[in-house]
Each structure stands twice: as C-alpha cells, then as structure tokens.
Amino acid sequence: MPSKNYVCIICPNSCEIVADFSGKEVAKIIGQSCRKGEEYVRKEIVAPERGLTTTVPVKNGDAALVSVKASKTLPKELIPKAVSAVAKARAEAPVKIGDVIIKNVLGTGVDIVATKNVSRKAGINTGQD
Amino acid sequence: MSEMIVKSVDVAVVGGGPAGLSAALSAKKNGAKNVLIIERGESLGGILNQCIHEGFGIDSFGEALTGPEYMQRFIDQVESERIPYMRNSMVLRVSKDRKIIVSSKEGLYEITAGSIVLCMGCRERTRGQICTPGTRPAGVYTAGAAQNYINLRGYRIGERVVILGSGDIGLIMARRLTLEGAKVLAVAEIMPYSSGLPRNMAQCLYDYEIPLFLSHTVVEIHGKKRVEAVTIAQVDERFKPLKGTEKKFECDTILLSVGLIPENELTRDAGIMIDETTGGAVVDESLQTSVAGIYACGNALHVHDVVDYVSLEAEKAGKSAAKNAAGRQQEKGTIKAKPGEGVRYVLPHKVSGHADVKFSLRVSSPERNVKLIVTDGERVIKTFMKTRVNPAEMIQLPLKKSEISGSREIIIKLQNAK
C-alpha cells in the first residue's frame, strides 16, 4: 500500500504521522497522538493550509511596526500572495490586538488582524503648543 | 556623590520577560503584597516582542498565539494587579543579603528584597564563541538580532542568505526571510540532526524547499566590506571538515542560530552555584538557588523549548519567593538528582522527597523507542517509555512523593527499550 509521511505542525510534539493510501483514498492514518494530528494530515492531503504572520508599518505609533496574523489558516499556496497584499497595508496608531487591518484578504473570507497593541506616539495631534 | 534611592520590597523580580511576568503574578497571588519587576528593556514581554510567529500558549491557553499576544495576556494581568515595574532599568548587582543595585533614569536604586527571583532569560551564542574562520565583513547576524531588525524595525537585512545552525530561531527566520522576499540558500548544521523542533523543520524549511545540510559546518566566510560568499563542508564524527566536500554559496548575509546561553553574570557575581551543563543556577524543588531567598526560573535557569513551560516554572518560583518573603518554612532539598547515561541534565538538582516533583531534562542525542529510567542509584523507581526523544525538546517526568521519599539520590538515564 503506498504511504506518505507527515510531521504534524499543530503543536511542539511534532508527531510523525503516516497516511496509507489505497488508490486515491486514505485507508489509514497512524502515528498521531491526538485528533488534531489526524485532522491536520487529512487537510494536508486534500488542501494544505497554513497560518500567516507578518508586520505592517504603523503611522504615528510608539512602535514602527505592528505584528499581524491571518485570523484563520489560509490555503498554503496563497501565503506568498497574501504576504504581498499585507505588505501594501498601513495602519494608524492606536492599534489594539484583534483590530482588523485588512478585511477579507484576497477574497478568502479571512481577515488580517493586529497581534500587538501600539499606542499613539506621545505629542502627536495634541493640538498647538 | 549623589545618594542612592533606597527601596524595600517583598519580592523583586529581575527581568520582565515571560518568566518575570509569571513569577511576579504568582508571587502576588500567593500573598506577597509588595512585588516589583525590574526590566532592562523599553517594554515588558522580553523576547516575545519580536516572536511574531504563532505557536505560543498551546499548553496554557489551548490556542496557538503569537508571541506578542501571549505576552500581552500576562502584561494585562500585571497591570490589573497593579504590580509596579521599572523599565529601562538595569540591575548591576544582586548580593547574597538580597540587595539589588539598579541603574535607571532617576539614578541608582538600592532595593532590599525579602526574596529575589532571577528571570534574566538567555542570549544567543555569537560568532566569536563558535570561531568561524574567514574575514570579518558586515552581514553576519545572530538569528535573534535579524528577527529584531525585521520584526520590530522593518529593516531589510539582505537578499541572499545562508543560515548556520538549525536552532528554532534560525528556522523561523528562514521562513520569515523567504516571505519577505529574500532567498535562503541553505541551512548548515554541524550535528547529524537538527537542533530545532521537527515541526519547525517541516513548516519553515520543507514548505519552502530550503535545503538543510546536516553534518556540515562553515569553513570560510568570504568578503571584505560585506559578506560575498560562504563555504561550508561536511564534517567527520569529530566535527573536522572533510576535504573535497566544500560547497560555496554566493550570499550577502549569514545568520547564526547556534545555541542559547542562560544570562547569569548577576548570578555568578552573587556567588550563586552554577550548573556548568545548563549554564543556570543549581536549584532545589522550590527553585531556590544555593543562596537562601534567591530563586531562578525560565531561560536563565535552563533554555526551554516552549514558553508555556517557562511560565509554569516561573509560577512555581514566584510562589516559593512569596512563601519565603512571608517567613514560611520551605522544604529543603537533600536528595540529589543527577543525569545518567544519555541524559544531558536533570532539574531540579535537589529534592526533599516530601512533595511530588516534575523533573525537567534533556537527552544527549535523538533516539527512538527508548525508556527513561529513574533509579535511586540501585533500585528502579519508575520507567517512562518514549517512542521518540530529541535534544531539541525538554522532557518532563512527573514523580510522586511516595516514589522518591527515602531515596538517597535520583538518577535518570536513557536506555534502549529492546
């Protein structure tokens, strides 16, 4: 029976999982120590998905960049395209964790959200002095 | 000479990274009224500020958070508990009588503490420490420095990159640089196995088809002003480069991901006993060092693989520190715990036998189908079966009070299961 090896990326256990195929169908999945491992391999066979994390420049922030992530995993092959889309984005301080930076990135239904709080730089837009 | 600002607290926490935040929160929760965090950097959170990738908190929160999200959960609690913290404040000295000298914008502080928790974390091994041959051009960074430049400052550090060493930060940066448009040509690892977690090999190297050269080391760095190329070669069992196996990569940037060292200058200066294998303090089960009232945890104690375990360990140290500050007696460790064959180190170094203990350890090399055997020197106390062990992963073995009480010593060794 043909088989394929996977390393589960869901948690640091890094389970080595083997999927046995009969024809194109998965016959058996072994080696995972939890349900998430099996789910991961099943997805990996049909349509692999990955998380995405990167940064976006912030205007008027007390930090130059805000770190961001895709709110859900994205199709693996879309990751480079999505990173390019996020690279064009700009945020303005204040930014809070969870703030949507890009809605519905590449029409996937997944948002790009902030993963860090960035305050407004002191002395900005406080009026005339 | 200007006078020092004198202060006194129940528990002083040196370092405001994941260990420090957790230790301070736990000290407060366990009754210490006056807790103070002293942080060298601009903000709390330590290295998590720059670890923008996901995978933190799976154990503690059941979700894969990014570093900044994980740290913010603890910072929010520190704020709501109103635990004071000093930022941009450098601890210059910790002494046996639990006095801390701090340099800050306001001047020098002398802080007397009922207990001190050492949470200084670790730093990266640098080029000087691994003696890479060749010229000294610009473009050689530690992986963590590169991570800081890219993730916090938005700098573009190079176009063509070779990574020496396969530590987790190096692997994470291989992916990050690739997504940022750089070409990562190779990762060279001197050992016959990766020093990073297998999941990071999978999602950071294999996903992007970045070649990994095991049993390879750098034989020359080329370039005068800027890195122009690097030559790597295969090594023999004694890590000597083999002639004729050289490969040269034209590149402008080299990252080093060759290990982490617990930061313990303060600890050594205080006369606290150090374990030369871990690079951290010798501790008992309450995480107390050889000096009464001074505790150590997190990456300053030993380098961890997962931050969740840092937080848990720090919780324990914070609790012990609170107990000590309140004058409550604690169990003294009299039973020595030692690594046996195949095990690099075992923590804590001493246990009392009057409480359940979770030992932390690392193995010397990757193995399959093994047992970790806990003995009292003669008799087998307990055996743990493992299908895979990896030096990249910290292993924890829980033992019950009843299993260890009465032992003269504890030795943990690795053995083939067959």
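A. Up close: helix H1 (residues 35-46) of chain A. Residues and elements named next belong to chain A. Helix length check: H1 (twelve residues) gives 17 Å between terminal C-alpha atoms against 16 Å at 1.5 Å per residue, within 8%. All of the buried residues along H1 are Gly37, Tyr40, Val41 and Glu44. For H1, the arc enclosing every buried residue in end-on projection is 95°, short of the 170-degree limit, so these residues lie on one face. Among the exposed residues of H1, those oriented more than 90 degrees off its buried face are Arg35 and Val46.

B. Just the domain arrangement of chain B, in detail. All names here are of chain B. Per the domain assignment, the segments of chain B are domain 1 (5-123 + 261-330), domain 2 (126-258) and domain 3 (336-416). Measuring from the centre of the C-alpha atoms in domain 1 to the corresponding centre in domain 3 gives 26 Å. Three residues stand out in domain 1 for area buried against domain 3, namely Glu285, His302 and Asp305, and they jointly supply 40% of the buried area on that side. Linking domain 1 with domain 3 are zero salt bridges.

C. How the structure looks around unusual backbone geometry. In this chain, Ala93(A) is followed by Pro94(A) through a cis amide linkage whose omega measures 0°. Following the sequence through the fold, Pro94(A) ends up in the loop between strand S8 (91-92) and strand S9 (100-102). Of the consecutive residues Leu347(B) and Pro348(B), the connecting peptide bond is found in the cis state with omega at -10°. With respect to the secondary-structure elements, Pro348(B) resides in the loop between strand S21 (343-347) and strand S22 (350-351).

D. Representation of the pattern of salt bridges. Inspection of the entire model under this criterion finds 21 salt bridges over all chains. The partner of Glu92(A) in a salt bridge is Arg120(A), and the shortest N-O contact between them spans 3.3 Å. Here Arg120(A) lies in the segment after strand S10 (112-114) and Glu92(A) lies in strand S8, a separation of 28 residues in the sequence. A residue is classified by how much of its surface remains accessible, and Glu92(A), at 39% relative accessible area, is partly exposed. A salt bridge links Lys338(B) to Glu409(B), with the shortest nitrogen-to-oxygen separation between them at 3.0 Å. Placement of Lys338(B) in strand S20 (residues 335-339) and of Glu409(B) in strand S27 (residues 409-416) is noted, with a sequence separation of 71 residues between them. In this structure Lys338(B) comes out as partly exposed when scored by relative accessible area, which is 36%. Within the structure, one salt-bridge network assembled from shared partners comprises Glu44(A), Arg50(A), Lys76(A) and Asp207(B).

E. Representation of the interface of chain A and chain B within the structure. Between chain A and chain B, the residue contacts involve 28 residues of the former and 28 residues of the latter. Carbon and sulfur atoms make up 54% of the area that chain A and chain B hide from each other, which totals about 2,300 Å². Ranking the residues of chain A by area buried against chain B places Ile9(A), Pro12(A) and Thr53(A) at the top, with a combined share of 23%. On the surface where chain A and chain B come into contact, there are four salt bridges. Viewed at the interface, chain B and chain A are joined by eleven residue pairs in polar contact (both at pLDDT 80 or more). Only strand S5 (53-59), strand S6 (65-70) and helix H2 (79-87) of chain A provide two or more residues apiece to the side of chain A that touches chain B. Here the side of chain A that touches chain B is composed, by residue class, of 14 nonpolar, nine polar and five charged.

F. Layout of the domain arrangement of chain A. Domain boundaries in chain A define domain 1 (3-46) and domain 2 (53-114). With centres defined by C-alpha atoms, the gap from domain 1 of chain A to domain 2 of chain A works out at 30 Å.

G. Quick peek at the sheet that holds strand S24 (residues 367-375) of chain B. Residues and elements named next belong to chain B. The mixed open sheet is built from five strands, whose spatial order is S22-S20-S27-S24-S25. Since the sheet does not close on itself, it has two edges, and those belong to S22 and strand S25 (380-389), each with one partner. As defined by bridge partners, S24 adjoins S27 across six bridges and the pair is classed as antiparallel. Each bridged residue has a counterpart across the sheet, and for Lys371 the counterpart in S27 is Gln415.

H. Seen up close, the side chain of His216(B). On the secondary structure map, His216(B) appears in strand S14 (residues 216-222). When residues no more than four places from it in sequence are discounted, the contact partners of His216(B) are Ala188(B), Glu189(B), Ile190(B), Ile232(B), Ala233(B), Gln234(B), Val235(B) and Lys247(B).

I. Representation of the packing of helix H5 (residues 143-153) of chain B against helix H6 (residues 168-179) of chain B in the model. All names here are of chain B. At a minimum axis separation of 9 Å, H5 and H6 run at an interaxial angle of 35°. In the packing of H5 onto H6, the handedness of the crossing is left-handed. Residues Ala143, Gly144, Ala146, Gln147, Ile150 and Asn151 of H5 touch H6, and the partners they reach there are Ile169, Gly170, Ile172, Met173, Arg176 and Leu177. Here the contact of H5 with H6 is composed, by residue class, of seven nonpolar, four polar and one charged.

Analysis parameters
- Residues numbered from 1 in each chain as written.
- Chains lettered and ligands numbered in written order.
- Predicted model: local features only at pLDDT ≥ 70, side-chain atom pairs only at ≥ 80, totals over all residues.
- Heavy atoms only, no water.
- Helix = DSSP H or I, 4+ residues; strand = E, 2+ residues; numbered from the N terminus.
- Expected span 1.5 Å × (residues − 1).
- Buried < 20%, exposed > 50% of the residue type's maximum accessible area, 1.4 Å probe, protein only.
- Arc of directions from axis to C-beta.
- Domains from an automatic or database assignment.
- Buried area = accessible area lost by both parts, 1.4 Å probe.
- Salt bridge = Lys/Arg side-chain N within 4 Å of Asp/Glu carboxyl O.
- Contact = heavy atoms within 4.5 Å.
- Polar contact = N/O pair within 3.5 Å; in protein donor to acceptor, adjacent residues only side chain to side chain.
- Nonpolar A, V, L, I, M, F, W, Y, C, P; charged D, E, K, R; others polar.
- Pairing = 2+ DSSP bridges.
- Axes fitted to C-alpha atoms, helices over the stretch in contact; angles between N-to-C directions.
- Left-handed = near helix turned anticlockwise from the far one by under 90°.

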